[in-house]
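Fold and geometry: a report
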Amino acid sequence: MEILIAVVTMALIGLVGYAIYTDPPSSGCLSVDAARARDEKLQRQAMRKPAVVPDPAAPEKPEALTDVVPTEASPERPAQSPLLRNPLTGETAPVPNNYRFAKRWIKQAMVEEGLLDKVYGNTDLVEPNTAKVKAALMQFKDLPKYRA
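To keep things clear, this report deals only with the structure shown in the data block. (Residues numbered from 1 in each chain as written. Predicted model: local features only at pLDDT ≥ 70, side-chain atom pairs only at ≥ 80, totals over all residues. Heavy atoms only, no water.)

Ranked by internal contacts, the top residues of the largest apolar core, which has 16 residues, are Tyr-99, Ile-106, Met-110, Leu-116 and Phe-140. Of all the secondary structure elements, the ones that give two or more residues to this core are helix H4 (104–112) and helix H5 (127–141). Once residues within four sequence positions are removed from consideration, Phe-140 is found in contact with Leu-84, Ile-106, Ala-109, Met-110, Leu-115 and Tyr-146. (Core = buried A, V, L, I, M, F, W, Y, C linked by side-chain atoms within 4.5 Å. Buried < 20%, exposed > 50% of the residue type's maximum accessible area, 1.4 Å probe, protein only. Helix = DSSP H or I, 4+ residues; strand = E, 2+ residues; numbered from the N terminus. Contact = heavy atoms within 4.5 Å.)

So, in structure tokens, the structure goes:
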């Protein structure tokens, strides 16, 4: 019985050694295969998307609608950067659409500029305060001192 176990063990060790020396070396990751699969998937998706061909029977856009959309910045309001810059630290942050998502330094700068009387917490943002905060945020976006 011991001889049988020794023979099976030697055969398994030999099989593992044979597999190691005959297979090509691998980098250990599937990045080449994953990249090839991703490229094939993108090609298949590109083949499925139909080409957009303008319909000659479709009506054209009315000229009144093209005049409504401004193509350049209006003269009374200059074009603005989508970033705000803290003049003290140089930190930049995107222009917040909502007071809740504004950075702390933006809230403090609004108080320092006199746009708000205090830094409001989320629980303080009830109906009378929300109108003040929205108006102050719109004014703060226009201050040239904080534009990036």
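Alright, that's what it looks like, and here's the rest.
Where nonpolar side chains cluster on the molecular surface, the patch consists of Met-1, Leu-4, Ile-5, Val-8, Leu-12, Leu-15 and Tyr-18 and spans about 820 Å² of accessible area. Turning to its location among the elements, Tyr-18 is positioned in helix H1 (residues 2–22). With relative accessibility at 55%, the residue Tyr-18 sits in the exposed group. (Patch = residues over 30% accessible without salt bridge, like charges linked within 9 Å, V, L, I, M, F, W, Y side chains within 5 Å. Areas by Shrake-Rupley, 256 points an atom, 1.4 Å probe, with all protein chains shown as cover. Salt bridge = Lys/Arg side-chain N within 4 Å of Asp/Glu carboxyl O.)

Approximately 160 Å³ is the volume found for the largest pocket. Considering the residues around the largest pocket, the lining is formed by Asn-97, Asn-98, Tyr-99, Arg-100, Leu-125, Thr-130, Val-133, Lys-134, Leu-137, Met-138 and Lys-141. Class assignment for the residues of the lining of the largest pocket results in five nonpolar, three polar and three charged. (1 Å grid on protein atoms, 1.4 Å probe; cavity = no way out; pocket = protein on both sides within 12 Å on 5 of 7 lines; lining within 4 Å. Points joined across faces, edges and corners; volume = space filled by probe spheres on them. Nonpolar A, V, L, I, M, F, W, Y, C, P; charged D, E, K, R; others polar.)

As a further point, take H5. Compared with an ideal rise of 1.5 Å per residue, which puts 15 residues at 21 Å, H5 spans 22 Å between its outermost C-alpha atoms and is within 8% of the ideal. Where H5 is concerned, the buried positions are Asn-129, Val-133, Ala-136, Leu-137, Phe-140 and Lys-141. Down the axis, H5 shows its buried residues gathered within 130° of arc, on one side only. Exposed residues lying more than 90 degrees from the buried face of H5 are Glu-127, Pro-128 and Lys-134. The secondary structure elements touched by the buried residues of H5 are strand E1 (83–85) and H4. (Expected span 1.5 Å × (residues − 1). Arc of directions from axis to C-beta.)

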